[in-house]
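Architecture and fold: a report
Below, each chain spelled out in residue letters.
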Amino acid sequence: MPTDLPVACSLSATELPRRLAEIHDLGRAALVEARTQPGRAELRFAAGASIRERVDAVVAAEALCCAFLTMRVSEEPDAVLLTIDAPAGADVVLAELVAAFRG
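Below you will find a few notes about this structure. Note that the structure is a prediction, hence the values are computed from the model and not measured. Sequence positions are assigned chain by chain, starting from 1 and proceeding in written order. For this predicted model, a pLDDT threshold of at least 70 governs which residues receive local features, and a threshold of 80 or more governs which side-chain atom pairs are given and counted, while totals over whole chains, interfaces and linings are taken from all residues. Side-chain numbers here rest on the full set of heavy atoms in the structure, without hydrogens or water.

Here we take up the state of the cysteines. Two cysteine sulfur atoms form a disulfide, by the criterion used here, when they sit within 2.5 Å. For the coordinates displayed, the defined rule picks out zero disulfides. For the unlinked cysteine cysteine 65, the closest cysteine sulfur is that of cysteine 66, found at 3.8 Å. We classify cysteine 65 as buried; its relative accessible area is 4%. Per-residue accessibility, obtained with a 1.4 Å probe over protein chains only, is compared with the maximum for each type, and a residue is labelled buried under 20%, exposed over 50%, and partly exposed between these values.

Structure follows, in structure tokens:
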């Protein structure tokens, strides 16, 4: 997990609301469960048409603006799993990201 990267999002004030809306739309469409603990979140999405691609797109976009987060996507027969690890000091950012998925 990266630890020497600044804990800061690089999205502008106009980009952030669009990204949060995209994340919220994905969560509303497919989020089944979100489990959190300090420094980690595990989000489970219902498998379905284009859900993996949408999760991958969010992960790719977030990797550019929040490089301090480590995100992994995997699949189960009936779900797409997104695991997010955050370094020390980034729990607030992690909580805000999970809240965006929850809507």
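Moving on from the coordinates now.
Burial within strand 4 (residues 79–85) is extensive, with seven of its seven residues counted as buried. Residues Ala79, Leu81, Thr83 and Asp85 of strand 4 are buried on one face, and the alternating residues Val80, Leu82 and Ile84, pointing to the opposite face, are buried as well. We treat two strands as partners when DSSP finds at least two bridges between them. Secondary structure elements are defined from DSSP: runs of H or I of at least 4 residues count as helices, runs of E of at least 2 residues count as strands, and each element is numbered from the N terminus. The pairing of strand 3 (residues 70–76) with strand 4 spans seven bridges and is antiparallel. Each residue of the ladder has a partner; that of methionine 71, found in strand 4, is isoleucine 84. Linking two consecutive strands that pair antiparallel, namely strand 3 and strand 4, is a turn of two residues.

Taken in spatial order, the four strands make up an open sheet running 1-2-4-3, and their pairing is antiparallel. Of all the strands in the sheet, just strand 1 (31–37) and strand 3 have a single pairing partner and so form its edges. Across this sheet, the average inter-strand angle for adjacent strands is 15°, counted without regard to direction. Against the sheet, helix 2 (residues 51–65) makes contact with strand 2 (40–46), strand 3 and strand 4, and its axis sits at roughly 170° relative to strand 3, the strand it touches most. We call two residues contacting when some pair of their heavy atoms lies within 4.5 Å. Angles here are taken between N-to-C directions and fall from 0 to 180 degrees, while the axes themselves are lines fitted to C-alpha atoms, restricted in helices to the stretch in contact. Helix-sheet contacts for helix 3 (residues 91–102) involve strand 1, strand 2 and strand 4, and the interaxial angle to strand 2 is about 15°.

With that out of the way, let us pick up the environment of alanine 90. Along the chain, alanine 90 turns up in the loop between strand 4 and helix 3. Taking C-alpha positions, alanine 90 is 7.4 Å from glycine 39, a pair spaced 51 residues apart along the chain.

Turning our eyes to something else, we now look at the pattern of salt bridges. Only one rule defines a salt bridge in this text: a Lys or Arg side-chain nitrogen within 4 Å of an Asp or Glu carboxyl oxygen. Counted according to the given criterion, the structure contains 10 salt bridges. Across the pair aspartate 56 and arginine 52 runs a salt bridge, and its minimum N-O distance is 3.0 Å. Highlighted residues: aspartate 56 and arginine 52, both in helix 2, separated by four residues, approximately one helical turn. Residue class for arginine 52 comes out partly exposed when judged on its relative accessible area of 24%.

This part is about the side chain of aspartate 85. Mapped onto the elements, aspartate 85 comes out in strand 4. A relative accessible area of 8% means that aspartate 85 is categorised as buried. Counting of polar contacts relies on pairs of N or O atoms within 3.5 Å, with two restrictions inside protein: one atom must be capable of donating a hydrogen and the other of accepting it, and residues adjacent in sequence are counted only when both atoms are side-chain atoms. Of the polar contacts made by the side chain of aspartate 85, one reaches the side chain of arginine 40; its length is 2.7 Å. A polar side-chain atom of aspartate 85 sits 2.9 Å from a polar atom in the side chain of arginine 72.

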